[in-house]
Each structure stands twice: as C-alpha cells, then as structure tokens.
Amino acid sequence: MQPFPSKRAPAFADIPDDKWSDWRWQLSHRLNSIEDFEQILTLTESEHQALCQVGLFRVDITPYFASLIDPENPLDPIRKQILPTAAEILPFTGEMEDSLSEDAHSPVPGLVHRYPDRVLMLVTTQCASYCRYCTRSRIVGDPTQSFSSKDFEAQLDYLRRTPQVRDVLLSGGDPLTLAPKVLERLLTALREIPHIEIIRIGSRVPVFMPQRVTDELCELLQRFHPLWLNIHVNHPNEITAELADACDKLTRAGIPLGNQSVLLAGVNDDPAIQRRLVHNLVRLRVRPYYLYQCDLVQGAGHFRTPIGKGIEIIESLLGHTSGFAVPTYVVDAPGGGGKIPLTPNYILSYSDQKVVLRNYEGFITTYYEPTEYQPIDPSLTAPFKGEILEPGQSGVAGLLAGDAMSLKPAGFDQVHQRGGEPHRLRDRTEKWVPRGIGDGKSADNEA
Ligand SMILES: *Cc1c(COP(=O)(O)O)cnc(C)c1O
C-alpha cells in the first residue's frame, strides 16, 4: 500500500524536529500576514486584496497545514480552504450570518438544542486554523467572544435539568484547542450527569495540528468513554503520515472516529476526489459520516455547489465501493430545520403489491410485498416488556404511554412550530407517490 506523505515547506526546513512536532510551536507560529504567506508561496492578486481587507474573518494557519499546499498551484485544494480571496468579500444572494438559526435555538448561550435527544455545545470560539467557509464565522475566531466558566455552568445547568438529552456534541470553535484542565473539567461535569450516555467531539485539530494528539490527550479522553470523535477532512491531500499517526493513537484509545466533509466547489466537488478521500479515510479507520452541502453563510457563496453534485457523488459511491466508506449527504436546512439526508432515488415505483427498484448499475428489479404482515407489538416483546420509564423520559414505552410530546426539548414548542406543521408519522395506508423517477440511463431496461 502507498504510504501517506509527510511534508514540510522549505521555509521551515531549519526548524528542529522537536519544535516542529510540538503543537505549542505549531500554534504560536501560525501564518496570518502577507509577509508570512510570502515565505511559502506567491500570493495571487485576489488573495493579496483579501488579506488587506479590514474586518476579514480571522486568518491563521499552522505551519504544518500550510506545508501541504502546492506553492506552484493557485488552485490548490488546501489553499482554497484556508487562504481568503476577494470572492469572500463579494456579497452573494441568499447568504446569512447565522444561516442555521442556531442562535434562535439556543436556550442558553452556546447550547443549540434542535433535536429531541441531543445537543450541540459550543465550548470555545478558537480553532487551530480557520476554514474560509466556516458555518460559525459569526462567533468563531474572535478571542474576545469566548465562553466563560459562567457560560459553561449555565450550559451544564440546562443539561442537568433536561433529561431527554442523552448525547452531547462538543463543538465550537474546536474543543481540542481548550486548555487540558478546562477540557477535563468540562468532560468530568458532563459525565456526572446520569442521563448523558454519549459525549461526542467535533474537531479539526487532528487535521490542522496532528501534533496535538499526544498520548496524554488520548489518556485524558479515554477516561470519559463512551466518547466519539468526528474529524473534518475535505480532500485526500490532507491525509498525511502525521494525521494517520494521530488517528491511530485515538482509535487505540478506543475512540470511534468519523469524518465530516463539506462539499466545496473547486476543492472536492468531484466523484474521483471523493472516492480517493473516503478510501484513504477508511484506511485510517475513520468512517465517513456526513458530507455536508455548504451552508448559506456569508463569505462562502463561491464554495457552493448545486445539490445535484452531491447526489451525483453519493451515487458514484453507493454500491461501487465499501458500504461503510459512503457518507450520508446532508443539507442543513437554512433557517434551522436541521440536517436533511439526500440520496439518489432507487425506488422507481411503489404500490401496495410491488415496489420497483433499480440497483447501482441501473438494473431494474421488482420486489413483491408480503400479502400478510403482522407488525411487532413492542409492548409484548422483550427487552421493552416491563420497562419502567419516568414521565418525560424518552423510549418506546414512553411513546406507547402516549407520552410522545416528552420527546420534544423543554421550552421549544414555539421554535418547533416555525417550520409549519409538527412532525407526523406517515400513515402506512397512505399512498406514496414517488417524484423524479429514474435517471434516464435505466429507462431502456424497463419491462
Ligand atoms: C449536527 C447537529 C447535531 C448532531 O446531529 P447528528 O445527526 O446526530 O450527528 C446535534 N445538534 C445540532 C444543533 C446539530 O447541528
């Protein structure tokens, strides 16, 4: 197997190895000025113009990550993710500061409670480097806007009195940039809340600064299992020997790793690039989790792709490669509806008796529905039989007891009404009419 590369820009050739592999050195030597960048590449007119702009979203790049850029290529996919261009300053239609309406879903500052059983907890505004398409550029990067211990206390307090929450996702900013003591205090406090089953961290630190994934950090994290971690890799060029080493340490600490990518025009909007990306990720034992449609965030309009591009990429992967290498393509609904999964359509028609399906090659098949079907009665079946749930607690028994409303996050009735009608389960007897059947290619095969 091809080994993963390790790179260092010539400008850093004289840095002693012990400094280069020290995350503190990487953090304190980040590149952010025109002079810094000109040491490693020739800035384009557009990049130069952006870097002169006042009020630009923060620029900061670790020497390690900047070294992955091909200095000769102004279209380099890593360069595009982290170096601003004039396109960032131009207004595009439909962009918003808080495109996911996260602030409107925050019961306390930094906590976003949009789904019934899990919350997003923003714990810092700092990152190791800054992505130009950042969804949270409204809060991220500003050191004066960080969260205080009083904010953490308010967030924890909300979680203590909200028993529906079984999954807490730490994000920001990047939680792995927190001082180890602060991170430890936070994780300890979360683990003391009995109804919190899993803790998740979303972090690009292993990608921007893999040196930060030390044995001590892994020892700290593994004390708080079950703890899951999602990294953020967009392009195969980000996968290096250093990242492989960091992922190896994390998986050995028992932390399941996932990857979240953002679909970005000019960076990874191509089936062959995505294929190489997911194949290299699974070699690191990182499971591709989500491929995000780029949000309608201010300054990121030039990164947006049509939805059809994402569906084309997923269609190029599903069936063509290992099932666990295929991420779920999601659109985070503008205005705050949450993530909506999108897949190619494999159902050609659907009636009471038969369902006509196509496979990844366009082969068409008919599945005959059972004539007799007796669904399970969960109340009569282990393990739920006899399960006792407190009022307000989620679970099948809670639903059966007519307690469905308890699955809603506390105090969110109004917010959840905004999208129109509340959720409704589809009636099994309701006829479902498929839309947008087929892809043209398979029409010939139809009997
Ligand atoms: C993405 C997200 C989550 C986690 O969603 P999963 O689909 O479970 O990964 C939770 N809360 C908010 C607000 C989110 O944006």
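Residues numbered from 1 in each chain as written. Predicted model: local features only at pLDDT ≥ 70, side-chain atom pairs only at ≥ 80, totals over all residues. Heavy atoms only, no water.

This part is about the sheet that holds strand β12 (residues 364-368). Pairing within the open sheet is antiparallel, and its three strands lie in the order β10-β11-β12. Two strands lie at the open edges of the sheet, namely β10 (347-350) and β12, each paired on one side alone. Going across the sheet, the axis of each strand differs from the next one's by a mean of 15°, ignoring polarity. Judged from the five bridges that link them, strand β11 (residues 354-358) and β12 form a sheet pairing that is antiparallel. Bridge pairing in β12 links Val355 to Tyr367. (Pairing = 2+ DSSP bridges. Helix = DSSP H or I, 4+ residues; strand = E, 2+ residues; numbered from the N terminus. Axes fitted to C-alpha atoms, helices over the stretch in contact; angles between N-to-C directions.)

Below, the discussion takes up the packing of helix α12 (residues 271-283) against helix α13 (residues 307-317). For the pair α12 and α13, interaxial distance at closest approach is 9 Å and the crossing angle is 55°. In terms of their interaxial angle, α12 and α13 are classed as oblique. In the crossing of α12 with α13, the sense of the turn from one axis to the other is right-handed. Across from Pro271, Gln274, Arg275 and Val278 in α12, the residues of α13 making contact are Glu312, Ile313, Ser316 and Leu317. Looking at the contact of α12 with α13, its residues break down into four nonpolar, two polar and two charged. (Parallel < 35°, antiparallel > 145°, perpendicular 65-115°, else oblique. Left-handed = near helix turned anticlockwise from the far one by under 90°. Contact = heavy atoms within 4.5 Å. Nonpolar A, V, L, I, M, F, W, Y, C, P; charged D, E, K, R; others polar.)

Let's shift gears to the sheet that holds strand β3 (residues 167-171). The sheet built from nine strands is open, its strands ordered β1-β2-β3-β4-β5-β6-β7-β8-β9 with mixed pairing. The two strands at the open ends of the sheet, each matched to only one other strand, are β1 (111-112) and β9 (338-342). Pairing of strand β4 (residues 198-202) with strand β5 (residues 227-231), which is carried by four bridges, proceeds in the parallel orientation. Opposite Ile201, over in β5, you have Leu229 as the bridge partner. Set on the sheet, helix α7 (residues 149-160) makes contact with β1, β2 (118-122) and β3; between it and β2 the angle comes to about 175°. Across the sheet, α13 lies against β6 (257-263), β7 (286-293), β8 (328-333) and β9, angled at about 160° from β8, the strand it touches most.

Moving on, we get to the nonpolar core. In this structure, Met121, Leu159 and Leu221 are the most contacted members of the largest nonpolar core, which totals 96 residues. When residues of this core are sorted by domain, at least three fall in each of domain 1 (10-89) and domain 2 (103-341). Beyond its immediate chain neighbours, meaning those up to four positions away, Met121 contacts Gly110, Leu111, Gln155, Leu156, Leu159, Val168, Leu169, Leu170, Ser171, Leu186 and Leu190. Grouped together as the second largest cluster of nonpolar side chains are nine residues, Leu263, Ile313, Val326 and Tyr329 included. (Core = buried A, V, L, I, M, F, W, Y, C linked by side-chain atoms within 4.5 Å. Buried < 20%, exposed > 50% of the residue type's maximum accessible area, 1.4 Å probe, protein only. Domains from an automatic or database assignment.)

Under the local residue numbering, the UniProt record ascribes the feature "modified residue: N6-(pyridoxal phosphate)lysine" (unreviewed entry) to Lys339. Looking at where Lys339 falls in the secondary structure, it is placed in strand β9. Under the relative-accessibility criterion, Lys339 is labelled partly exposed at 27%. In contact with Lys339, other than residues within four places in its own chain, are Tyr115, Tyr290, Tyr292, Val330, Val331 and Asp332. (UniProt positions renumbered as here; feature names shortened; annotations may be inferred.)

Let us look at the packing of aromatic side chains. In this description, a pair of aromatic rings is defined by centroid distance and the angle of the planes. A full pass over the atoms with the stated rule returns eight aromatic pairs. A centroid spacing of 5.8 Å and a plane angle of 50° characterise the contact between Trp20 and Trp25, whose relative ring orientation is tilted. Note on accessibility: Trp20 and Trp25 belong to one class, buried. Where Tyr289 meets Tyr290, the ring centres are 4.1 Å apart and the plane angle is 35°; that geometry is what we call tilted. Under the relative-accessibility criterion, Tyr289 is labelled partly exposed at 30%. Exposure remark for Tyr290: the relative accessible area of 17% places this residue in the buried category. Following the ring pairs from residue to residue traces out a cluster consisting of Phe12, Trp20 and Trp25. Seen from the ring of Tyr115, Arg118 lies directly overhead, with NZ or CZ sitting 4.1 Å from the centre. The ring of Trp23 carries Arg212 above its face, with NZ or CZ at 4.2 Å from the centroid. (Phe/Tyr/Trp six-rings, centres within 6.5 Å; stacked < 30°, edge-to-face > 60°. Lys NZ or Arg CZ within 6 Å of the ring centre and 35° of its normal.)

With that settled, the discussion passes to the site of the ligand. Close to the ligand lie Val112, Tyr115, Arg118, Leu120, Leu169, Arg200, Tyr289, Tyr290 and Lys339. Between the ligand and Tyr289, the relevant distance is 2.5 Å, taken from an oxygen atom to a side-chain nitrogen or oxygen of the residue. In this structure, Tyr290 approaches the ligand through a side-chain N or O atom, which is 2.5 Å from an oxygen atom. In the complex, the protein chains occlude 92% of the 380 Å² of accessible area that the ligand would expose alone. Secondary structure elements with two or more residues in the shell around the ligand: β2 and β7. Of the residues in the shell around the ligand, the class split is six nonpolar, no polar and three charged. (Near = heavy atom within 4 Å. Polar contact = N/O pair within 3.5 Å; in protein donor to acceptor, adjacent residues only side chain to side chain. Areas by Shrake-Rupley, 256 points an atom, 1.4 Å probe, with all protein chains shown as cover.)

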